[in-house]
Amino acid sequence: MLLCVGNFFGSTSDAEWTEYRTGAKKAPIQTFVLGANDQETVRYFPEFSGCELAENITYLGRRGVFSSTSGLQIAYLSGTESQDEPAPAYSFSSKDVTELKTSLLSTPNFKGIDILLTSPWPRDVENFANSPGKINTKKCGSTLISDLAASLKPRYHFAALEKAYYERLPYRNHTVLQETPQHVSRFIALADVGNTSKKKYLYAFSIVPMSLMDPAELVKQPQDVTENPYRKSQKEAQKTTKALVCAEEEPACQFFFDLNKHQGKKRPSDGKERGNSQPKQAKTPSQPTGPCWFCLASPEVEKHLVVSIGTHCYLALAKGGLLPDHVLILPIGHYQSVVDLSPEVMEEVTKYKSALKEFFRSKGKRYVLFERNYKSQHLQLQVIPVPLDCTSEDIKECFITQAQEQQIDLLEIPEHSDITQVARPGTPYFYVELDTGEKLFHRIRRSFPLQFGRWAPPSSLSPFPRPLRRSLPGAEAAPLCSQGGAGQPGAAGAAGARRLAALRRGAGRGGGAGPRLPPRLPALRLGRAGVTPGRRAGRGDGRAGGRRR
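What you are looking at is a predicted structure, and each value in this text was computed from that prediction instead of being measured.

Asker: Before we move on, can you summarise the overall build of the protein chain with the specific residues and values?
Answerer: Helix and strand content of the protein chain: eleven helices and 21 strands. Expressed as a percentage of the 549 residues in the protein chain, the buried residues total 46%. Within the protein chain, residue pairs in contact and separated by at least 24 positions form 67% of the contacts whose partners lie at least 6 positions apart. Only carbon and sulfur atoms are counted for the fraction: they give 51% of the accessible area of the protein chain, which is about 28,800 Å².

See below:
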């Protein structure tokens, strides 16, 4: 099979083409071509929807999908981009692209196509990749084709018209650690046939249809794979079309619980009393000032501790935890504290709390959660299980007594109040929450003991008595896996594996109470790579990853 992109009728004379059309000459193999790219060559294509131009030479049509007898799927789009509607006979418009996308994306279990044929290059194809030489892809090419390629996820995308050969590094079609791994795409541009510079104009390859491939083989990532070059431009396009989202005013049915007793006031009954109030903007993650141990995309994160990944949050085992099932709920994006979270992230945090509550109850336990928004740059919700016979009053008394010893005012928040009502973004604080919803709060005004949350829980939580925990705040937990030979897990590795397995099994029960922790994470490795030789599991600050300071 021969697939042709670009100008099929280049410098061909009418006499030569007549020989093929009349059967005097015959193409040696089955050839499929795209349509006209200019007004001059429109006359060679008599039918809009495609037809046989000569024996063994077939015009595919203006747009569509061709399926071979072997199951190979080839999507095609003829012509150059046009802003006019309807587009000229030698062009395509946004309507053509939308209809082609819809016809494929509406297919059940659509994963992508095998081959995409276009004449123009996609705009910005060189992002994150090798340079195409003198071709400036930010000025040439088609934004509509970029959008088409991003949506259809072709394994191979061929184009021409720029009269240059360019084979881009393969790019991935998923976000690492946030989406299920998918196949990679390759973009290849070909030069003119018979060009004097002897640039490559023919690309020979063999391909097995996607539908016949083993799924594990299909999603293998080559070493030189890059990020998707079109994702940034897609996001920018979405930003320009979206209106600003304004939060609705909250109903005036209760009082704020303000820890600053001199400034307590009633919530205004309507927006008029707020003075120069501005519409609330949707919260977006801030950018870390340096390497972050907890942003999931950061290389600093030790991802072998990750238990479950949701849409906006993830769950990880605590490094140096108080107990084997001490876990952290963390946002995937960079948020400093709970009060900074956007509504959708907060919703998923709540689902994780519900899932963990159900899991720990199935083990005869309950949990206590705390957050220290002080000398930390990424939100960490520490979730520690306690025996089920520990009453809420016992747990609160334990924290309050320890706070009094440290001259810390740890106050209980009223039942119907929320952390966002007592702390503004940027305010340092320490916050405790029980699985019943009861909350304790301290606004940090000067210094604060960084290990307070680890000292305060009941002594039954830890194999160490509280005085020893206080004298050894950096006590380290056993690593998930041993450093033994041949990558075999030792006793600590087996314990870590059991911790992960128990968490996945338990929190995945109960259908729909919260994020289901998957029974297996393919990217999670419990082998020798879990702990680097010569390196310990980490300080006892409960962090999920990063270097020791």
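Asker: Break down the pairing of strand β16 (residues 327–331) for me, with residues and values.
Answerer: The buried fraction of β16 is high, at five of five residues. Where burial is concerned, the two faces of β16 agree: the one with V327, I329 and P331 and the one with L328 and L330 are both buried. In this sheet, β16 lies alongside strand β15 (residues 313–317) in antiparallel orientation, the contact comprising five bridges. Within β16, the residue paired with L315 across the bridge is I329. One ladder, built from three bridges, connects β16 with strand β18 (residues 381–387); its direction is antiparallel. By the bridge assignment, L328 is partnered in β18 with Q382.

Asker: Describe the environment of V432, listing the residues and the values that go with them.
Answerer: Position of V432 relative to the elements: it lies in strand β20 (residues 429–434). By relative accessible area, which is 0% here, V432 ends up buried. Each C-alpha atom, one on V432 and one on Q382, is 9.5 Å from the other, the two residues being 50 residues apart in sequence. If we ignore the near neighbours within four places in the chain, the residues touching V432 are V368, L369, F370, F399, E438, K439 and L440.

Asker: So what's going on with the packing of aromatic side chains? Residues and values would help.
Answerer: For the coordinates displayed, the defined rule picks out 23 aromatic pairs. Residues F9 and W17 carry aromatic rings whose centres are separated by 4.9 Å and whose planes lie at 85 degrees to one another, so their mutual orientation is edge-to-face. We note that F9, like W17, is buried. Geometrically, the ring pair formed by F359 and F360 is tilted, given 5.1 Å between the ring centres and 50 degrees between the ring planes.

Asker: Describe in detail the pattern of salt bridges, supporting the description with residues and values.
Answerer: Summed over all chains, the structure comprises 18 salt bridges. A salt bridge links E217 to K220; its shortest N-O distance comes to 3.3 Å. Of the charged contacts, one joins D325 and K365 as a salt bridge, the two residues approaching to 2.9 Å between their closest N and O atoms. Remark: K365 occurs in strand β17 (residues 365–373) and D325 occurs in the loop between β15 and β16; sequence separation between them is 40 residues. Three or more residues are tied together by salt bridges with common partners; here these are R62, R63, D96 and E99.

Conventions adopted
Residues numbered from 1 in each chain as written. Predicted model: local features only at pLDDT ≥ 70, side-chain atom pairs only at ≥ 80, totals over all residues. Heavy atoms only, no water. Helix = DSSP H or I, 4+ residues; strand = E, 2+ residues; numbered from the N terminus. Buried < 20%, exposed > 50% of the residue type's maximum accessible area, 1.4 Å probe, protein only. Contact = heavy atoms within 4.5 Å. Areas by Shrake-Rupley, 256 points an atom, 1.4 Å probe, with all protein chains shown as cover. Pairing = 2+ DSSP bridges. Phe/Tyr/Trp six-rings, centres within 6.5 Å; stacked < 30°, edge-to-face > 60°. Salt bridge = Lys/Arg side-chain N within 4 Å of Asp/Glu carboxyl O.

Take it as geometry only, folks, not as evidence of what the structure does.
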